[in-house]
Amino acid sequence: MKRRDFVSRVIITGGAVSLGIGCRRKIEPLSGEKEKNTDLLNKPTGRTIKEPEKQIPILAETDVLVIGGGPAGTAAAVAASRTGAETYLVERYNHLGGLWTGGLVLPLLSTHAVDKNKNRKQVIFGIGGEMSKRLTDLGMSINEVNPVVDPEAAKYVLEEMIRESGVKMLYHTWASNVIIEGNTIKGVFVESKSGRMAILAKVVIDCTGDGDIFHLAGDNYDVMNYAIGLNHRLGNIDRIDSKKPGYVKMNIGGPTPLKSVNWVNMWGKENQDALDVTNLSKLQMDYRKEIWENVQKIRQTPGYEEVFLLDTASQLGVRMSRILDGEYRLSLEDTMTFKSFNDVIGISGAWTTMLYKGKKIPSKERPFWQIPYRSLIPKKTDNLLVAGRCFCFERELVEDTRIIGTCLVTGHGAGAAAGLAVKERKSVKDIDVRKLKDLLVQQGAWLG
Ligand SMILES: Cc1cc2nc3c(=O)[nH]c(=O)nc-3n(C[C@H](O)[C@H](O)[C@H](O)COP(=O)(O)OP(=O)(O)OC[C@H]3O[C@@H](n4cnc5c(N)ncnc54)[C@H](O)[C@@H]3O)c2cc1C
């Protein structure tokens, strides 16, 4: 078995065992007639048409521009704004949190890992730690380690933090192209109901998850196809009658902070291309049908009559797509050996069993690991930083790098670095990493 295969297998098991969530669904083939509907989605024709040139209004000229309001982007915007830099955050949907909230991916992994004395301890602090604490204080988070949160509460808390830190928030706005001079990014074109506009910025942070901005800027990257799912929630869980004759135990997902609501993690089809919109559209339709029909089966089972489909995620569950080719590629070896970096911007944890040097290392024994600033810096484009699930790491590490805790930490690091670069009038590549580390510590980050 190749290591990659092993990693995937371990992960699924790890999810199921440690979180009770890894319900891996079998996708039923659709009948011939129903297949026809999705055939309406053609692949691109291969022909092209010239777009006419036009003058574009400039919406704003700002210090820092963050694209994507997921865990990484929200943390980045808050961190940059707290340094005093004027900061815009652009998000295509109507909420913050990305997959954490809109994707109904509710457990914040991995808040804990093992230190050099073999003690398992909390590792996620800083802005991500603040988010987590505020959710706990609201009673909207369960479990101390790897907490499961309520998505609406998380949208509220993240938005409050954006409001309090003075970030200028643009929802319903899609970044569609970059403005480049030489090798330096100068801003981004956005599309919305107001039309096409430009936002100019001294530093841009790509937190799109899919690396849309470094792709448009012409940087190099790897593309990793992975399983895509569609998470959803079930209601009236507390009304299940297990004493009813004919009752059998069914897979109804895992608990959330609301006692009547469970969330269901859908693994979905393997090896999916998240950059092909026709594929995404087909998966969306197939999964909605599959989930609806599955819930009807649950409702027909004695004891489960009152269970209902509360919602399906507004964001399709894309696990991976582009991975930046950055100044430093974080490796599995680094994360297994307490590798120390001069330019560390944060620490992340471990939630799954990993194969390392032929040995399976369970999550409870795995060390915490440092993330270097250089892994957020593209090789080519200047004044662009990358945070979240598309920063620079080797594929073997995907399970630890794509999780919410790591995205929060990389976002915090990128936002603080952008703020510092603006303050010192330097390129993001030239900032003093000692000053960056001091700033991060002042902002509550833990650097090991
Ligand atoms: C099914 C599934 C289950 C998972 N389970 C877990 C789990 O249990 N625990 C865990 O910790 N992690 C889990 N993950 C991983 C984790 O949820 C994500 O990797 C993480 O949320 C990524 O954060 P991010 O900020 O990098 O990107 P995202 O969460 O993807 O956020 C990116 C944001 O950018 C916006 N955006 C994208 N492109 C543009 C654009 N061009 N213009 C404007 N806005 C844009 C998006 O709308 C989105 O809000 C899971 C993922 C999936 C798919």
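Remember, it's a predicted structure, so these values are computed and weren't measured experimentally. Counting of residues starts from 1 at the beginning of each chain's written sequence and follows it residue by residue. The predicted origin of the model limits local features to residues at a pLDDT of at least 70 and limits the giving and counting of side-chain atom pairs to 80 or more, whereas totals for whole chains, interfaces and linings rest on all residues. The side-chain numbers reported here are obtained from all heavy atoms of the structure, hydrogens and water having been left aside.

**Some points on the environment of Val-114**
What counts, and what does not: Counting from the N terminus, the helices are the DSSP runs of H or I reaching at least four residues and the strands are the DSSP runs of E reaching at least two. Between two residues, a contact is recorded if the distance between any of their heavy atoms is within 4.5 Å.
Structurally, Val-114 can be placed in strand S3 (residues 112-114). Between the C-alpha atom of Val-114 and that of Trp-369, which follows or precedes it by 255 residues, the distance is 9.4 Å. Contact partners of Val-114, with chain neighbours within four places excluded, come to Asn-119, Arg-120, Phe-338, Lys-364, Glu-365, Arg-366, Pro-367 and Phe-368.

**Details of unusual backbone geometry**
This is how the line gets drawn: Buried, partly exposed and exposed residues are distinguished by accessible area as a fraction of the type maximum, computed with a 1.4 Å probe on protein chains only: under 20%, between the cut-offs, and over 50%, respectively.
In this chain, Leu-109 is followed by Ser-110 through a cis amide linkage whose omega measures -20 degrees. Mapped onto the elements, Ser-110 comes out in the loop between strand S2 (87-90) and S3. Notably, Arg-425 is not glycine yet its phi reads approximately 50 degrees, a positive angle. Position of Arg-425 relative to the elements: it lies in the loop between helix H10 (404-424) and helix H11 (433-442). Accessibility expressed as a relative area gives 79% for Arg-425, which makes it exposed.

**Considering the domain arrangement of the chain**
Quoted interface sizes are often the accessible area lost when the parts come together. As a reminder of what qualifies: Per the annotation, domain bounds derive from an automatic or database assignment of domains. Buried area, as used here, totals the accessible surface that two parts lose on assembly, with accessibility defined by a 1.4 Å probe and the loss added over both. We define a salt bridge as a contact between a side-chain nitrogen of Lys or Arg and a carboxyl oxygen of Asp or Glu at a distance within 4 Å.
Domain annotation for the chain reports domain 1 (3-26 + 228-318) and domain 2 (58-115 + 122-224 + 321-354 + 369-442). On a C-alpha basis, the centres of domain 1 and domain 2 stand 28 Å from each other. Across the contact, 28 residues belong to domain 1 and 36 residues belong to domain 2. The junction of domain 1 with domain 2 conceals about 2,500 Å² of combined surface from both sides, 69% of it contributed by carbon and sulfur atoms. Linking domain 1 with domain 2 are 1 salt bridge.

**Side note on helix H3 (residues 71-82)**
Here is the rule: One fewer than the residue count of a helix, multiplied by 1.5 Å, yields its expected span.
Compared with an ideal rise of 1.5 Å per residue, which puts 12 residues at 16 Å, H3 spans 17 Å between its outermost C-alpha atoms and is within 8% of the ideal. Extensive coverage of H3 is indicated by the burial of 11 of its 12 residues. Buried residues of H3: Pro-71, Ala-72, Gly-73, Thr-74, Ala-75, Ala-76, Ala-77, Val-78, Ala-79, Ala-80 and Ser-81, and no others. Those residues of H3 that are buried lie in contact with strand S1 (58-67), S2, helix H4 (126-137), helix H5 (151-165), strand S10 (195-206) and H10. At the C-terminal side of H3, Gly-84 shows a positive phi close to 100 degrees.

**Comments concerning helix H7 (residues 277-299)**
Here H7 spans 33 Å end to end across 23 residues, near enough to the 33 Å set by a 1.5 Å rise per residue. Those residues of H7 lying buried are Thr-278, Asn-279, Leu-283, Gln-284, Asp-286, Tyr-287, Glu-290, Ile-291, Val-295 and Ile-298.

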